[in-house]
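# A look at the structure
Each chain, written out:
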Amino acid sequence: MVALDLVHASNAQLRQLGPGLVALFVGATSGIGEYTAKAFIENALSPRVYIVGRSESAAERIINECKDLNKDGKIEFLKADVSELGEVDRVCAEITKKESHINLIVQSQGNMSLRGRDESHEGIDRKFTLSYYSRMRFISNLLPLLQSAATQPPHFSRTLSVFNAGFEGKLNFKDLELKNTFSAARCATHTTTMNSLMTEEFSKRQPATTFAHSWPATVVTTGLARELPAWARVAMNVLSPLLSLSNLAVSNEETGARQLYIATSGVYPPAKPSENSPLASGVPAPKGLHAPMLGANVVAGSGAYLVNWNDEPTGKQKLLQEYREKNVGATIWEHTMGIFERVAEINQGQ
Ligand SMILES: NC(=O)c1ccc[n+]([C@@H]2O[C@H](COP(=O)([O-])OP(=O)(O)OC[C@H]3O[C@@H](n4cnc5c(N)ncnc54)[C@H](OP(=O)(O)O)[C@@H]3O)[C@@H](O)[C@H]2O)c1
């Protein structure tokens, strides 16, 4: 476990990366995204931050609170329902009009609904899209801006998907998008495993950027339970205070700090950081810590990281190793790009 004081010390050094970092937080109108965005804004010098979600009132509150954290920060809310890829494309186009580079993308959009398949007009399930397709689409659309960040000082370029790293499971290759075999549990397994495999696929294609997938552990004071059935919300309301008092839950403040650490620390460098620019790897690693960390393929500093709530690697996994040997990552890449093409055709036809 990376000690929390080391995490805080590292985050406090974020200013070493200089003024004007550009960051996008999707799903930052609540919960883990909000706490991570606030930690970033508090520690960065004159950052430009975009937050994406649906709730205007939450965004207004957060922007006001952020003014107290950093009066030099510039924060803009982009309202969008990113359970639709057309909306993801619209937001990315808006950002691309305003920015030539982007240093950091943190994504935590999602819900815990137990509903069955909920297909949008794009022909894909909304929950699957929030946890997986929208996240890959944001990264994919904004790769040129991440690349551009890697080629100019401080050469810092990162993405983090906050979800379920470490909980990968077997994929149904006959129905990767779960068109005919959807259940909430299968959706969690597919989107988790696909998030993990894609960190490596993106890193292979863009080695000057770090790609990470994390699991935040249990963070009770978030909005995640909103879309649960009433009986489950009641159970959560009873359990949450007990969890908060136990060691089983991570506080808001700690989760924001730990996710920011994953997003910025030099212990998670890109596969090929820009030469002669030490900050390309991120905030220099705290003394006493082994750096770089083991990547998803269990090679130190591989550029693709699966990270536990305590900022350590999730560990070697037999299934992922088997999938790596069978080049399943390439299959998931092809599948994902195929979905993007199919949805683009549907949206163009409307
Ligand atoms: N909390 C935990 O204990 C825990 C544990 C493990 C994994 N996770 C994962 O961590 C991620 C974040 O969870 P959280 O607890 O922070 O949840 P949260 O408080 O409910 O935050 C979810 C965020 O996603 C946004 N969102 C949801 N649907 C959206 C949509 N259709 N379009 C745009 N934005 C949307 C919400 O914003 P709007 O409502 O404004 O749209 C909100 O900002 C989730 O993927 C969750 O599965 C959480």
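Our subject is the structure that appears above.
Here the structure is a predicted model, which is why all the values come from computation and not from measurement.

Secondary structure summary: the protein contains 10 helices and seven strands in total. Along the first, second and third principal axes, the C-alpha atoms of the protein reach 50 × 45 × 40 Å. In the protein, which comprises 350 residues, the share counted as buried stands at 55%. Intrachain contacts of the protein at a sequence separation of at least 6 include 78% that bridge at least 24 residues. Entry remark: accessible area of the protein is about 14800 Å², with carbon and sulfur atoms responsible for 54%. Charged side chains of the protein number 35 positive and 35 negative; the gap between the two group centres comes to 2 Å.

With that settled, the discussion passes to the layout of surface pockets. Where empty space is left can be seen by rolling a probe of water-molecule size over the atoms. Here the second largest pocket is characterised by a volume of approximately 210 Å³. For the lining of the second largest pocket, the secondary structure elements donating two or more residues are helix H1 (4-12), helix H2 (31-43) and helix H8 (252-264). Here the element with the most residues in the lining of the second largest pocket is H2; it accounts for five residues.

What follows covers the pattern of salt bridges. Applying the stated rule across the entire model yields 22 salt bridges. Across the salt bridge formed by Glu-34 and Lys-38, the nearest N and O atoms sit 2.7 Å from each other. Within this pair, Glu-34 and its partner Lys-38 are both found in helix H2, separated by four residues, close to a single helical turn. Summarising the burial analysis for this pair, Glu-34 and Lys-38 share the class buried. We note a salt bridge from Glu-177 to Arg-342, for which the minimum N-O separation is 2.8 Å. In this pair, Glu-177 sits in the loop between strand S5 (158-162) and helix H6 (184-205) while Arg-342 sits in helix H10 (residues 328-348), placing the two residues 165 residues apart along the sequence. Several salt bridges converge on common partners, so that one network encompasses Glu-34, Lys-38, Arg-61 and Glu-65.

What follows covers the nonpolar core. Soluble globular proteins: nonpolar side chains tend toward being buried together. Judged by nonpolar contacts, the single largest core of 50 residues is most densely connected at Leu-24, Ile-102, Phe-138 and Ile-332. Of all the elements in the fold, those that place two or more residues in this core are strand S1 (22-26), strand S2 (48-53), helix H4 (85-98), helix H5 (126-150), H6, helix H9 (318-325) and H10. Of the residues forming this core, the biggest block, 11 residues, is contributed by H5. Setting aside chain neighbours within four positions, we find Ile-332 in contact with Tyr-132, Leu-171, Leu-176, Met-194, Leu-197 and Met-198. By size, the runner-up hydrophobic cluster in this structure holds 43 residues, among which are Val-2, Tyr-35, Ala-212 and Ile-262.

Attention shifts here to the environment of Ser-161. Tracing the backbone through its elements, the reader meets Ser-161 in strand S5. When its relative accessible area of 4% is taken as the criterion, Ser-161 is described as buried. At a separation of 2.9 Å, a polar atom in the side chain of Ser-161 contacts the side chain of Asn-195.

Parameters at a glance
Residues numbered from 1 in each chain as written. Predicted model: local features only at pLDDT ≥ 70, side-chain atom pairs only at ≥ 80, totals over all residues. Heavy atoms only, no water. Helix = DSSP H or I, 4+ residues; strand = E, 2+ residues; numbered from the N terminus. Buried < 20%, exposed > 50% of the residue type's maximum accessible area, 1.4 Å probe, protein only. Contact = heavy atoms within 4.5 Å. Areas by Shrake-Rupley, 256 points an atom, 1.4 Å probe, with all protein chains shown as cover. Lys, Arg positive; Asp, Glu negative; His and termini not counted. Charge placed at Lys NZ, Arg CZ, Asp CG, Glu CD. 1 Å grid on protein atoms, 1.4 Å probe; cavity = no way out; pocket = protein on both sides within 12 Å on 5 of 7 lines; lining within 4 Å. Points joined across faces, edges and corners; volume = space filled by probe spheres on them. Salt bridge = Lys/Arg side-chain N within 4 Å of Asp/Glu carboxyl O. Core = buried A, V, L, I, M, F, W, Y, C linked by side-chain atoms within 4.5 Å. Polar contact = N/O pair within 3.5 Å; in protein donor to acceptor, adjacent residues only side chain to side chain.

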